[in-house]
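Structural characterization, general
Next come the chains, spelled out residue by residue.
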Amino acid sequence: GFITMHCAAFSIQIACAINFATSMNRMSAIGMSTPIVVSGLFCTYAAWMAEAPLTAPRLLPLRRLPWLLGIPLSIPFGLFQGIVIVLALEDYYLRRSSLQSQGLQQLQSAAYTKNTLHCKAVNGLFEGFVSLTIVLYCYWTLGYPEEEPITYSTWESEPLFLLASGAVLLVSSGLGLLELDYCVSRTMSRQMRRSMCKSVLHITLRACEVATRVC
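Just so you know, these numbers come straight off a predicted model, no measurement behind them. (Residues numbered from 1 in each chain as written. Predicted model: local features only at pLDDT ≥ 70, side-chain atom pairs only at ≥ 80, totals over all residues. Heavy atoms only, no water.)

Brief notes about the nonpolar core
Heads up, the rule is: Residues enter a nonpolar core if they are buried and are Ala, Val, Leu, Ile, Met, Phe, Trp, Tyr or Cys, with the set joined through side-chain atoms within 4.5 Å. Any residue under 20% of the maximum accessible area for its type is buried, any over 50% is exposed, and the rest in between are partly exposed; the area is computed with a 1.4 Å probe on protein chains only. Helix numbering and strand numbering both begin at the N terminus, where a helix is a DSSP run of H or I of at least 4 residues and a strand a DSSP run of E of at least 2. Contacts between residues were defined by any pair of non-hydrogen atoms, one from each residue, lying within 4.5 Å.
Ranked by size, the top nonpolar core spans 19 residues in total, and within it C16, F20, M32, L132, V135 and L162 carry the most contacts. When contributions to this core are tallied by element, the ones reaching two or more residues are α1 (2–21), α2 (26–49), α6 (119–140), α7 (158–184) and α9 (196–214). Ranked by the residues each element gives to this core, the list is headed by α6, at six residues. Excluding residues that lie within four positions of it along the chain, L162 makes contacts with F20, V135, C138, Y139 and L142. If you look at the next biggest cluster of nonpolar residues, it comprises 15 residues, including A47, A50, L65 and L87.

Here it is, written out as structure tokens:
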């Protein structure tokens, strides 16, 4: 679920940046591109330092590879945020292996508090908030005022595209806050491991919080 949402949100960010760049909305294009670049640098550093013994033991961390191999790999792992997917899978496999080895009851006990905060939470929050703000601003100012619009519209379905993009980015931001809560709160992580319903309710709460702050 997280990987699908991350890929969808990242694809939408790129699509919005291209759309703004080709429709004479250069400032919006720069605004959409900035969090992508900053997150790319952050992910590059994470890929350079992070270990993934279960998913990519021969590739990560990139600092252990020769420069001629490590630098090119920093593009898919860093700029295109492949490290986020790797860390999400790594976290999933670690939790599953702990579940199998320790048993469900022990895993859900108060003694099990092994939570980690990595770049997928920070990345989702930073990109989600900034990108969602820009997309909604462009949606509200699309073709307004008529004499000299703040945001130019170049195709008929652009309002629907921006609205759908905002919805995906809103869920992505809520998912980032959910991951943050899971990592920093032992009680919350225990509750979310026990009940999928509580996870859904919590991400709904966080998404509504983001909507009230941004909108």
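Quick word on the packing of aromatic side chains
This is how it is decided: Under the pairing criterion, centres of Phe, Tyr and Trp rings, with the six-membered ring standing for Trp, must be within 6.5 Å; the plane angle then separates stacked pairs below 30 degrees from edge-to-face pairs above 60, leaving the rest tilted.
This model, assessed by the stated rule, comprises three aromatic pairs. Measuring from ring centre to ring centre gives 5.7 Å for W48 and W67, while their planes differ by 55 degrees; the resulting arrangement is tilted. Highlighted residues: W48 in helix α2 and W67 in helix α3 (residues 67–79), separated in sequence by 19 residues. The class of W48 is partly exposed, set by a relative accessible area of 21%. With a centroid separation of 5.6 Å and an interplanar angle of 50 degrees, the aromatic rings of W155 and F161 are classed as tilted. Judged by its relative accessible area of 35%, W155 falls in the partly exposed class. Residue classification places F161 among the partly exposed positions, given a relative accessible area of 21%.

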